[in-house]
Amino acid sequence: MAGNEWLNGYLEAILDAGSGRNSDGSREEEKIKNHKSTSPSLRKRFDEKLKFEKFEAWKEKEAGKLFSPTKYFVEEVVNSFDESDLYRTWIKVVATRNSRERNNRLENMCWRIWHLARKKKQIAWDDAQKLVKRRLEREKGRSDAADDLSEISEGEKEKGDLAQTDFPTHISRINSDTQIWSEEDKSRQLYIVLISLHGLVRGENMELGRDSDTGGQVKYVVELARALASTKGIYRVDLLTRQITSPEVDSSYGEPIEMLSCPSDGFGSCGAYIVRIPCGPREKYILKESLWPYIPEFVDGALGHIVNMARAIGDQVNAGKPTWPYVIHGHYADAGEVAARLSGALNVPMVLTGHSLGRNKFEQLLKQGRLSREDINTTYKIMRRIEAEELGLDAADMVVTSTRQEIEEQWGLYDGFDIELERKLRVRRRRGVSCLGRYMPRMVVIPPGMDFSSVATPDSLDSDGDLNSLIGPDRTQKKPMPPIWSEVMRFFTNPHKPMILALSRPDPKKNVTTLVKAFGECQPLRELANLTLILGNREDLEEMSNSSSAVLTAVLKLIDKYDLYGQVAYPKHHKQPEVPQIYSLAAKTKGVFINPALVEPFGLTLIEAAAYGLPVVATKNGGPVDILKALNNGLLIDPHDQKAIADALLKLVADKNLWLECRKSGLKNIHRFSWPEHCRNYLFYVEHCRSRHPTNRLEVVPATEEPMSESLRGVEDLSLKFSVDGELRVNGELDAAARQQDLIETLTRKATSNGKPIINYCPGRREGLYVVATDCYNNVGIATETLPLVIKNLMQVMHPRSSQIGFVLLTGLTLSEMIEAFKSSQIKLEDFDALVCSSGSEIYYPWRDMLADEDYEAHIDYRWPGEHVKSIVMRLAKLENGADNDIEPCKSACNPRCYSYTVRPGSETRKIDEIRQRLRMRGFRCNPVYTHAAARLIVLPLFASRTHALRYLSVRWGIDISKMFVFLGERGDTDYEDLLVGLHKTVILKSSVEYGSEMLLHTEDSFRRDDAAPQESANIFRAEGYEIPDISKALETLK
């Protein structure tokens, strides 16, 4: 009953606190009562643990509110006591009821909180059931794929030993002396693009630990860029990140370009650069959870930079031919989505590094039970992040991981990856057997590298008198002591004792409080050593994020509890260049480095410590297992076991022979984690995983250097037009004679067929594009007359500038359906520069006799399963209790890269998120879309879409995306969200589209539109209608 005594005390405290009034005059109890009808709001209000996980933006919002004792005690009751305790208390209160108002209030409050606890338990149960259902669906998908691939099971057994080597029990490395980057490779001049979107990224004085977004990933990508640029065969490396001009941060983050490494004359390198791309509000620093709506803007800006750089590098080293990126490498989920979009637009290989993964975090948070699914999604935008990671798996040629554990226990949670299926598919490819349209990305283990050039480990470190000569009373003045040493040692009563060093962000996951408890409760360890905690930088605890503030507050309380003053150092500030000096100080004292994190994806600090001669103690969960296996320089511990932590530290510090042995072993093997070794492994794997190459015919149309006379303009435009025509042919470029003959013959034919100048249809000379994407259907999916009317009004508005502005139509209609829809109108298809049909699976050029762009068809063919997916779609899209004829093939709307299905009116089918998920579970990488007012389902290649077609035309024709205007309705197909956002200007024409399909896009567990498109944007204008005055007003506003 002791628990009930605490519970009764809390309830009494609630009554005492509730007897006062809030600043607005209302009782806190009344506010609790008002929220009882909506459990998500109540849980948000009552979850005390949420303050550990909230962000700075939330903190600012709450800063003006007074501390509420009622809120504190209610949260403690809901989170700390079982519903049976609440029920017993309620029964007791009812049994002892009297006429006193206080007892009546206690009874009512106890009843309400009891029901709240029951509701919370039910929600936790529902969330667990959803996870179980998803796992069963994944197993069904894997089983289906395995059945289809079972015909070669014997071959897989024969290859079993070979396949096993791809997932070794230790970190797989290629020895430095192995010839993996040949002399022929070194003569190349490659262009590599790295992307790390969030956080504060700069080359010098990195503010690591400033916030949760600026951590080890920033350091990793900067050093990777430098290391790759210094590798022979690499001409230029660009690290793309977000440009930030906010007064909250240093002005250096607003510089468009920053040089990371100087060009080397030795092998013709151009160097490495940070390129900052603007996206979102430029005057505001945005945390990664709020960046999602601005991802398309970053994609468009990055695409423009890469195209310009490809042209510039081509002029320098490739005889004027564009030099497209050798690989585009995305880091973390947000940059992974950017890399996927860019690789699809340019048809270049993509590599993904997750760093930390959303689905693993999501399941851990659900298991903790502190937050509901809705709260997790609201706080972390976790479903948006998971979808970005799934897209990265869809597009990636290779996924770089730090450890084998990351592959099995983290990536294995995703719909788009399965270890067994990936192994089977790889065996089939090696044997030359069809994979039946299925694909799984290649996972490789490449540990992060480290720059050891500045690491000094002099022999004098082994001397007992070395430290005393520096900090003792008789120390010489020849070599001044680093300031950070003084800052650390001022905390200690005896700074000569061995130093136990922990260096991390003040994050609950880093488990620093357990380390302090272990140190405080082990008297022999306290007598033998000091403890140094480097936990980021801080000014005022009150100004830090809730999670960081909570960790630091807990540390300070523990120091006071165990009376550790004079034994623990916790400096407020340190600079990044001072970190090596901190490691050196710990090594000079014959100390130990410890990483006690609950889970550590890799553990770069362990490698850094080993490089300075420090033995290590590390968590047994995650990457440290592989690191210590390679370095053999320390001990693994259970991060939850305080005694094990203390024993391991005491063992290493007290046993000088063991300490020296671990030190020597770490220094001997540390070269395995050097950046040159990392780059050799990286380039080797990229070369062998590249499954696509940039199309040679994808050339950028050069800009006109000077104006031409009107008499020559048509000839020049015609010449340019036919150079593009020739380049579009699939079987290679024409030789000069054939191209000239083709030009003359076509010029003659066009000149005699009609008298209209070709200039009207030459996209290469357009100043901008007007893109119509307002598909208008009735309630049964038949095109209406509104679309031709919108086009007619738009062309009338732009008639005076018709030679400067091009028109493109993006539609879910097939070409034949579009011709039929325009039959009775005055719209001529010849007025368009391009017709993008079937939701992006085909592009036709009316100025080329309505020929299809065969190069685009080849461009989007990446991972298209073709006939292998055709029959399975109907089964996956139907509901379990659906009728057989709910979905049927629509042969008239099919083409080689678009399979269409008619949805029976009134029937219910699965939403796009579910269909895509089920396809991924079976190894199919496709883009499903509902169109024709949800009356038609089409399945396209992964990167076939109306948005992708627009980016393709931008590159092909050399037209900046920011000079495009996209006209939409208030609703549309399920690709509507993608068309809303980006650098282009968007005009939403009110009442132009009556029926749409977007309600079939997301499931209830998916992310919201706010996470995909910003609520407010200067690039989006909502017109009052689609008449000429409405369109004119919109264009004037957006210009």
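Residues numbered from 1 in each chain as written. Predicted model: local features only at pLDDT ≥ 70, side-chain atom pairs only at ≥ 80, totals over all residues. Heavy atoms only, no water.

Colleague: Talk me through the overall build of the protein; I want residue IDs and the actual numbers.
Modeller: Secondary structure summary: the protein contains 40 helices and 26 strands in total. For the protein, the residues scored as buried account for 59% of the 1039 residues in total. Within the protein, contacts between residues at least 6 apart in sequence are counted, and of these 74% link residues at least 24 apart. As displayed, the protein has an accessible area near 43,900 Å², and 49% of this comes from carbon and sulfur atoms. (Helix = DSSP H or I, 4+ residues; strand = E, 2+ residues; numbered from the N terminus. Buried < 20%, exposed > 50% of the residue type's maximum accessible area, 1.4 Å probe, protein only. Contact = heavy atoms within 4.5 Å. Areas by Shrake-Rupley, 256 points an atom, 1.4 Å probe, with all protein chains shown as cover.)

Colleague: Give me the pattern of salt bridges: which residues, what numbers.
Modeller: Where charged atoms of side chains with opposite charge meet at close range, the side chains can pair. Within this structure, the stated rule accounts for 42 salt bridges. Across the pair Glu207 and Arg210 runs a salt bridge whose closest N-O atoms are separated by 3.5 Å. Accessibility expressed as a relative area gives 25% for Glu207, which makes it partly exposed. Assessed through its relative accessible area of 35%, Arg210 is described here as partly exposed. In this structure, the salt-bridge partner of Glu977 is Arg1009, at a minimum N-O distance of 3.7 Å. One end of the pair, Glu977, is in helix α39 (residues 976–980); the other, Arg1009, is in the loop between β25 (985–989) and β26 (1020–1023), and 32 residues separate them in sequence. Glu977 gets classed as buried once you look at its relative accessible area, which sits at 10%. Look at Arg1009 and you get partly exposed, because its relative accessible area is 33%. (Salt bridge = Lys/Arg side-chain N within 4 Å of Asp/Glu carboxyl O.)

Colleague: How would you explain the sheet that holds β25 if you had to name every residue and give the values?
Modeller: Reading across from one edge, β19-β18-β17-β16-β15-β24-β25-β26 is the order of the eight strands in this open sheet, with mixed pairing throughout. The two strands at the open ends of the sheet, each matched to only one other strand, are β19 (851–852) and β26. In this structure, strand β15 (residues 768–772) lies alongside strand β24 (residues 964–968), joined through four bridges in parallel fashion. Bridge pairing in β24 places Tyr770 opposite Phe965. Sheet contacts for helix α40 (residues 1028–1038): β15, β24, β25 and β26; angle to β26, the most-contacted strand, approximately 160°. (Pairing = 2+ DSSP bridges. Axes fitted to C-alpha atoms, helices over the stretch in contact; angles between N-to-C directions.)

Colleague: Explain helix α12 (residues 295–317) to me, and be specific about the residues and the numbers.
Modeller: Relative to the 33 Å expected for 23 residues at 1.5 Å per residue, α12 spans 32 Å between its end C-alpha atoms, a close match to the ideal helical length. Backbone geometry just after α12 places Ala319 at a positive phi near 55°. (Expected span 1.5 Å × (residues − 1).)

Colleague: Now, about the confidence of the model for the protein: what can you tell me, with residues and values included?
Modeller: Close inspection of predicted coordinates is inappropriate in any region flagged by low pLDDT. Scored by pLDDT, the protein comes out at a mean of 81, with 75% of its residues at no less than 70. Taken together, the stretch residues 20–67 has pLDDT below 50 and engages in 80 contacts with residues farther than four places along the chain or on a different chain. Every residue in residues 459–465 scores below 50 in pLDDT, and together they form ten contacts with partners more than four places removed in sequence or on other chains. (pLDDT = per-residue confidence, 0-100.)

Colleague: For the pairing of strand β18 (residues 842–845), give the residues involved together with the corresponding values.
Modeller: What you see with β18 is no split at all: Glu842 and Tyr844 on one side and Ile843 and Tyr845 on the other are buried throughout. Here strand β17 (residues 834–837) folds back onto β18, and the loop between the two strands holds four residues, one of which, Ser838, carries a positive phi near 50°. Summarising the sheet, β18 and β19 pair through two bridges and their orientation is antiparallel. Within β19, the position partnered with Tyr844 by the bridge is Ala852. Here β18 hands over to β19 after five residues, with Asp849 in that stretch at a positive phi of 55°.

Colleague: Which residues make up the sheet that holds strand β8 (residues 442–445), and what values do they have?
Modeller: Strand order in the open sheet formed by eight strands is β3-β4-β2-β1-β5-β6-β7-β8, with mixed pairing between adjacent strands. The open sheet has two free edges, formed respectively by β3 (257–261) and β8, since each of these has just one partner strand. Across the sheet, the axes of successive neighbouring strands diverge by a mean angle of 25°, strand direction being ignored. Relative to strand β2 (residues 234–242), strand β1 (residues 190–195) is paired through six bridges, and the arrangement is parallel. When the bridges of β2 are listed, Val193 appears paired with Asp238. Those strands touched by α12 are β1, β2, β4 (271–277) and β5 (327–331), and its axis lies near 160° from that of β2.

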